[in-house]
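Inside the fold
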Amino acid sequence: MEYIEPAPITDKENPFESMMSRFIIAAKHLGLNEETFNVLKSPDKQVIINIPITMDNGSIKVFEAYRVIHNNVLGPSKGGVRFDPHVNLDEVKALAAWMTWKCAVVDIPFGGAKGGICCNPREMSSGEIERLTRAYTTSLFDVFGPDTDIPAPDMGTGQREMAWMMDQYSRNSSMTVNGVVTGKPAVLGGSEGRVEATGRGVMVSTLSALEKLKINPYNSTVAVQGFGNVGSNAAQLLAERGTKIIVISDITGAYYNKDGIDIEKAIIYSKDNKGTLENFDGAEKMDHADDLLMLPVDVLVPAALEDVITMKNADKIQARLIVEGANGPTSAKADDIIAEKGIVVVPDILANAGGVTVSYFEWVQNRLGYKWTRDRVNRRSDRIMRDAFANVYKTSIKYDVTLRIAAYIVAIDKVAKAYSYRGGF
Ligand code: NAD
């Protein structure tokens, strides 16, 4: 697990309200009836647990943890588990709803969920994290399951934690159940192509949008904020397809080269440099990292954290296209300003859905007991991402709305239709 504390966010919006404001607009366009609106706005299940863990020094510490299942009318709920000191119920609720919409946008048969443990994994030993992960899994044994609710990694968790969760769930079930989590190590049933899947989806969404904007990728410039899993893979794949990446950034700053950055070199450098670009000599360090967002580029890919494009800086953004690799990088209050400027935004619930798509493939492979090749995974996920983009684009024209609201319309319509067939009590 490599995770570096992000910089503080200055005007952070309540994530649940931010999600709801878009949901309400889309629901109005759809003419969603009040009953369905009420069903979809409320999470199905919210579990709060307190987990006592024996720390290495013998003391017992209690950790508050959550699992929220927003909706499961389309299938078992799917969503990551976040280990972070700032995790709270509102955030987990918003992220769970986001997962419902994301799965529906890319048309995979999952509902949405999210989990979290309020802890600081950077200050815990591996043994403490393992005990906490196993206790969390056991406490939620009745919630998790390959047919009910399938966790995945999120902030502060990775393959290691997924292996512990799968193992603990399997022990409690007295058999190996590898389909209970995704994002596992390959040897335990993890899928080929999962690591780069989100960045790959960002690349496919970017190319689809550039085509609509009639911008030739070979003549386009790109700025990428965040150089972790999503940002570095998106940058590399976009560079391979001819775009010029002129600025990249991470927690240590933004690095600019007007002639284009050698992304391959930057990735190797970052890997050898404890995961950061500090002192990278293939570009010049910018005085103010946040200026990356305001550069006159064709494409801006925010792939680090939420709420980086806000009311404060939205009117200074010069990119023609924003492709949201991160979850929630644009605050709801900035949406209108961005739209008025004519900037096209491929929203997070579409742009970064490549990850959950390949997670779905992992689950399918686990259930089949058969492993797909990387080539098959990539071809199928590219097709899903292209189709999803085309569907959202068509919807944006039909309703005369932004791609973000169109993505919500597609998602809400799908879940609402499924609900109308399944019905309530
Ligand atoms: P990561 O931890 O691998 O990388 C995060 C990157 O952001 C790091 O390079 C870090 O240095 C950088 N960063 C942190 N603070 C920064 C700042 N203030 N300015 C610039 N860079 C900063 O995380 P990730 O998996 O790449 O996730 C990034 C975003 O994408 C998150 O919002 C996450 O929720 C979202 N996302 C990830 C996936 C996935 O499959 N990994 C899927 C969907 C969405």
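First, a word on what this report is: a plain description of the structure on this page. (Residues numbered from 1 in each chain as written. Predicted model: local features only at pLDDT ≥ 70, side-chain atom pairs only at ≥ 80, totals over all residues. Heavy atoms only, no water.)

1. Digging into helix H1 (residues 15-30)
Taking 1.5 Å as the rise per residue, H1 with 16 residues should run 22 Å; its terminal C-alpha atoms sit 23 Å apart, in good agreement. Burial in H1 covers these residues: Pro15, Phe16, Ser18, Met19, Met20, Arg22, Phe23, Ala26, Ala27 and Leu30. Its buried side turned inward, H1 meets helix H2 (34-41), helix H3 (89-105), helix H9 (335-340), helix H12 (374-399) and helix H13 (403-422). (Helix = DSSP H or I, 4+ residues; strand = E, 2+ residues; numbered from the N terminus. Expected span 1.5 Å × (residues − 1). Buried < 20%, exposed > 50% of the residue type's maximum accessible area, 1.4 Å probe, protein only. Contact = heavy atoms within 4.5 Å.)

2. Looking at the site of the ligand
Taken together, 20 residues form the shell around the ligand, and within it Thr198, Asn229, Val230, Ile251 and Asn327 come nearest. Between the ligand and Asn229 there is a distance of 2.9 Å, counted from an oxygen atom to a backbone nitrogen or oxygen. Between the ligand and Asn327 there is a distance of 3.0 Å, counted from an oxygen atom to a side-chain nitrogen or oxygen. About the coverage of the ligand: the protein hides 79% of its 830 Å² of free accessible area. Counting residues per element, the ones that place at least two in the shell around the ligand are helix H6 (194-212), helix H7 (229-240) and strand E7 (244-250). Here the shell around the ligand is built from residues that sort into nine nonpolar, nine polar and two charged. (Near = heavy atom within 4 Å. Polar contact = N/O pair within 3.5 Å; in protein donor to acceptor, adjacent residues only side chain to side chain. Areas by Shrake-Rupley, 256 points an atom, 1.4 Å probe, with all protein chains shown as cover. Nonpolar A, V, L, I, M, F, W, Y, C, P; charged D, E, K, R; others polar.)

3. A few points about the nonpolar core
In terms of nonpolar packing, the biggest core is built from 85 residues, with Phe23, Trp101, Ile248, Val301, Val346 and Ile412 touching the most fellow members. Here this core takes twelve residues from H13, the largest share from any one element. The contacts of Ile412, once residues within four sequence positions are left out, are Phe23, Ala26, Ala27, Leu30, Leu32, Leu40 and Trp101. Listed in part, the 28 residues of the second largest apolar core include Phe63, Tyr136, Trp164 and Met166. (Core = buried A, V, L, I, M, F, W, Y, C linked by side-chain atoms within 4.5 Å.)

4. Points about the environment of Glu278
Examined against the element boundaries, Glu278 turns out to sit in the loop between helix H8 (263-272) and strand E9 (284-285). Under the relative-accessibility criterion, Glu278 is labelled partly exposed at 30%. Those residues within four positions of Glu278 in sequence are excluded, and the remaining contacts are Thr252, Tyr255, Tyr269, Asn273 and Lys285.

5. Thoughts on the packing of aromatic side chains
A full pass over the atoms with the stated rule returns eleven aromatic pairs. Note on Phe110 and Tyr360: the rings are 5.5 Å apart at their centroids and 90° apart in plane angle, and the pair reads as edge-to-face. Linking Phe110 in the loop between H3 and strand E4 (111-118) with Tyr360 in helix H11 (residues 354-368), this pair joins segments that are 250 residues apart in sequence. By relative accessible area, which is 0% here, Phe110 ends up buried. Of the aromatic side chains, those joined through ring pairs into one cluster are Phe110, Tyr360, Phe361, Trp363 and Trp372. Here the guanidinium or amino end of Arg376 rests over the ring plane of Trp372, the centre of that ring lying 5.8 Å away. Between Arg380 and the ring centre of Trp372, over which it is positioned, the NZ or CZ distance is 4.7 Å. (Phe/Tyr/Trp six-rings, centres within 6.5 Å; stacked < 30°, edge-to-face > 60°. Lys NZ or Arg CZ within 6 Å of the ring centre and 35° of its normal.)

6. Here's the deal with the packing of H11 against H12
The packing of two helices is summarised by the inter-axis angle and the distance between the axes. Interhelical geometry of H11 versus H12 gives an angle of 130° and a closest axis separation of 10 Å. When the interaxial angle is binned, H11 and H12 end up oblique. H11 and H12 meet at a crossing whose hand is right-handed. Counting all contacts with H11, which are made through Gly354, Thr357, Val358, Phe361 and Gln365, the residues of H12 involved are Val377, Arg380, Ser381, Ile384 and Met385. (Axes fitted to C-alpha atoms, helices over the stretch in contact; angles between N-to-C directions. Parallel < 35°, antiparallel > 145°, perpendicular 65-115°, else oblique. Left-handed = near helix turned anticlockwise from the far one by under 90°.)

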